[in-house]
Amino acid sequence: MSKMIKGFSKFSKTEKVNWLAENFFHDKSSGIDTLKQYYNEDPELQQLHDEFIENTISNFYIPYAIAPNFLINGKTYAIPMAIEESSVVAAASLTAKFWSTRGGFKTKVISTTKTGQVHFTYKGNKDELRDYFSSVKSKLIHSTDHITANMRKRGGGIVDIELRDKTENLADYYQIHVSFLTGDSMGANFINSCLETIAASFQKEGIFIVMSILSNYVPDCLVRAEVTCKVEDFFPENAELYARKFVQAVQIAEVEPYRAVTHNKGIMNGIDAVVLATGNDFRAVAAGAHAYASREGRYKSLTGASVVNGLFNFWIEIPMALGTVGGLTRLHPLAKLSMEILQNPTASELMQIVAVAGLAQNFAALKALTTTGIQQGHMKMHLMNILNQLEANVHEKELIVEAFKGKTVSHSAVAEYLHHMRTGH
Ligand code: HMG
């Protein structure tokens, strides 16, 4: 039977579910029940979620959690995180607590400029193209006045527009490279609308517009977060040794891409979770962060660490385009609540909070890796998932959590213990 379908998008939600059940579910009614289990009982709220994307058939839950006690520039935050992976939130919370008694996190936004490009080809004379661009440059900017009016009132808009010759990379390829300030919005729609308007006004014989689109690479929308303490405050025993190991772990991620990818994945555990919880675009942030990590031609750590004059320093510099207005930030009820929990930050403040979440995550991972190893803490948090997989009941869970306190958890050890409890063997 062909599983191809025409006009699926025009089906009602029920028709979509039925078609899916008919074609793909082994047990139709239990498959449909699973989908319905995740419907919101408030039909208006369900409709809101249905309308976020297309062809919706249910909701896919991701746990929503809080990492409290983050002291950032002297202000205390509880950070909301949406993530499916165990130990991430515990690690963030542990790090927040650790640094709250050592001066907390210091952050600053370095720059907030975003970029968009009109990509085009031109086969004619380069000087003629440059002259044409110079002659129309201010007209191109003014062509967007109707779009940029409100943004300009808020101090944003188009910062600069330049012609870039890319013919060394690709025959006949040029760009109009546009820089933007987008205030508290992430700015994707604003930037794309401006670019398409500019492209429509950029008309000359021989110019062929290929496409107009923002860039998710935002190296000039950059934030820094850091922590500092005396080496002796770093660890209760052998502080110097552990501080040195920590710095070496970061240095390894600076020179070794295999390690750097995992190192940065740990950072993105924190970054993506807050970006998602605030209704921002975590794919854009992740793509931009990884590109930034490769900016020197080799993929490397997004964090840095040093011990200088008896002080342990640890920092992150990372680009990110975030919004606190627009998109889902005010439309998704939980994203809106996240903003409230974060005390309604500006986009610049949110950049700083998110950078801290990334730094905190990396701190927890490296601290664990260079001391106990990752598995002890990670598996301690993963214990509930193992018990659920093994279908342990509430009583069994309580006994096993108690029994594994202070011990390293592994799937086989827990399975064996549960088997022993159930059978006496
Ligand atoms: P611990 O010292 O055993 O925790 O750490 P504890 O039970 O002594 O509690 C101390 C504090 O930790 C608590 O304070 C919480 O802040 C937090 P309290 O709330 O009691 O005042 N905490 C928790 N928070 C919420 N729920 C919990 C919980 N337990 C502790 N259940 C911990 C345990 C897992 C935190 C620690 O071992 C740790 O940070 N490990 C690192 C875990 C980690 O990095 N996970 C990320 C996933 S692994 C990965 O994908 C990335 C990686 O590959 C990246 C890389 O290689 O760089 C590792």
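Residues numbered from 1 in each chain as written. Predicted model: local features only at pLDDT ≥ 70, side-chain atom pairs only at ≥ 80, totals over all residues. Heavy atoms only, no water.

**What to know about the layout of surface pockets**
Put simply, the rule is: In this analysis a 1.4 Å probe is tested at points of a 1 Å grid over the protein atoms alone, and where it fits but cannot get out there is a cavity; an open set with protein on both sides within 12 Å along at least five of seven lines is a pocket; lining residues have an atom within 4 Å of a point. Grid points are joined across faces, edges and corners, and a volume is the space filled by probe spheres set on the points. Under the DSSP-based scheme used, a helix requires at least four consecutive residues in state H or I and a strand at least two consecutive residues in state E, with every element numbered from the N terminus. When residues are grouped by polarity, Ala, Val, Leu, Ile, Met, Phe, Trp, Tyr, Cys and Pro land in nonpolar, Asp, Glu, Lys and Arg in charged, and all others, Gly among them, in polar.
When its volume is computed, the largest pocket comes out at roughly 1300 Å³. Lining the largest pocket are 41 residues; nearest its centre among them are Phe52, Leu276, Gly279, Leu328 and His332. Listed by contribution, the elements that provide at least two residues to the lining of the largest pocket are helix H3 (43-50), helix H7 (188-201), helix H9 (257-277), helix H10 (282-293) and helix H11 (333-341). Among the residues making up the lining of the largest pocket, the classes are represented as 22 nonpolar, 16 polar and three charged. In this structure, the second largest pocket spans a volume of roughly 870 Å³. Along the wall of the second largest pocket there are 34 residues; nearest its centre are Ala91, Ala364, Ala368, Ile374 and Gly377.

**Section: empty space enclosed by the protein**
Overall, the coordinates contain two cavities of 30 Å³ or more when judged by the stated rule. Estimates place the volume of the largest cavity at around 40 Å³. Lining the largest cavity, in full, are Asn216, Val218, Ala284, Val285, Met320 and Ala321. In the lining of the largest cavity, the residues fall into five nonpolar, one polar and no charged. Space inside the second largest cavity adds up to approximately 30 Å³. Lining the second largest cavity, in full, are Lys114, Met186, Ile191, Leu214, Ser215, Asn216, Val218 and Ala321. For the lining of the second largest cavity, the residue count by class is five nonpolar, two polar and one charged.

**A short note on the site of the ligand**
Stated formally: Residues are classed as near a molecule or strand on a simple rule: at least one heavy atom within 4 Å of it. N or O atoms within 3.5 Å of each other form a polar contact, as long as, within protein, one can give a hydrogen and the other can take it, and as long as residues adjacent in sequence are counted only when both atoms are side-chain atoms. All accessibility values rest on the Shrake-Rupley procedure with a 1.4 Å probe; residue burial counts only the protein chains present in the view. To be counted as sitting in a cavity or pocket, a molecule needs more than half of its atoms within 2 Å of that site's grid points. Domain start and stop positions are those given by an automatic or database domain assignment.
If you check the shell around the ligand, you find 23 residues, and the closest are Ser87, Lys97, Arg259, Lys265 and Lys380. Side-chain polar atom of Arg259 to an oxygen atom of the ligand: 2.7 Å apart, as the coordinates give it. Between the ligand and Lys265 there is a distance of 2.9 Å, counted from an oxygen atom to a side-chain nitrogen or oxygen. Taken by itself the ligand offers 1100 Å² of open surface, and the protein chains cover 65% of this. The pocket occupied by the ligand, as judged from atoms lying within 2 Å of grid points, is the second largest pocket. If you list the elements that add at least two residues to the shell around the ligand, you get helix H4 (88-100), H9, helix H12 (347-369) and helix H13 (374-389). Across the shell around the ligand, the residue classes tally to ten nonpolar, eight polar and five charged. Mapping the shell around the ligand onto the domain boundaries places at least three of its residues in each of domain 2 (66-110 + 222-371) and domain 4 (377-423).

**A look at the sheet that holds strand E6 (residues 173-181)**
Test applied: When DSSP locates at least two bridges between a pair of strands, those strands are taken to pair. Orientation is described by axes fitted as lines to C-alpha atoms, over the contacting stretch for helices, and by angles from 0 to 180 degrees between their N-to-C directions.
Read across the open sheet, the four strands follow the order E5-E6-E4-E7; overall the sheet is antiparallel. Bordering the open sheet on either side are strand E5 (157-165) and strand E7 (207-214), each of which pairs with just one other strand. If you compare each strand with its neighbour and ignore which way they point, the axes differ by 20 degrees on average. In this sheet, E6 lies alongside strand E4 (residues 114-122) in antiparallel orientation, the contact comprising eight bridges.

**What to know about H4**
Our working definition: What a helix should span is 1.5 Å times the count of its residues minus one. Using a 1.4 Å probe on the protein chains alone, a residue whose accessible area is under 20% of its type maximum counts as buried, one over 50% counts as exposed, and one in between counts as partly exposed. Here, two residues are considered to be in contact whenever any of their heavy atoms come within 4.5 Å of each other.
In a regular helix each residue adds 1.5 Å, so 13 residues correspond to 18 Å; H4 covers 18 Å between its end C-alpha atoms and thus fits that length. Inspection of H4 places Val88, Val89, Ala91, Ala92, Ser93, Thr95, Ala96, Phe98 and Trp99 among the buried residues, and these make up the whole buried set. Residues of H4 that are buried sit in contact with strand E1 (64-72), strand E2 (75-82), strand E8 (222-230), H9, strand E10 (311-319) and H12.

**A closer look at the domain arrangement of the chain**
For the chain, the domain assignment lists domain 1 (24-61), domain 2 (66-110 + 222-371), domain 3 (114-214) and domain 4 (377-423). Computed over C-alpha atoms, the centres of domain 1 and domain 4 are 32 Å apart.

**Considering the sheet that holds E8**
Reading across the sheet, the four strands line up as E3-E8-E10-E9 and stay open at both edges, with antiparallel pairing between neighbours. For this open sheet the edge positions go to strand E3 (106-109) and strand E9 (303-308), each flanked by a neighbour on one side alone. On average, each strand axis in the sheet is tilted by 15 degrees relative to the strand beside it, whichever way the strands run. Pairing of E9 with E10 involves six bridges; the strand directions are antiparallel. Bridge pairing links Thr303 to Ile316 in E10. Along the sheet, H10 makes contact with E8 and E10, crossing E10 at roughly 120 degrees.

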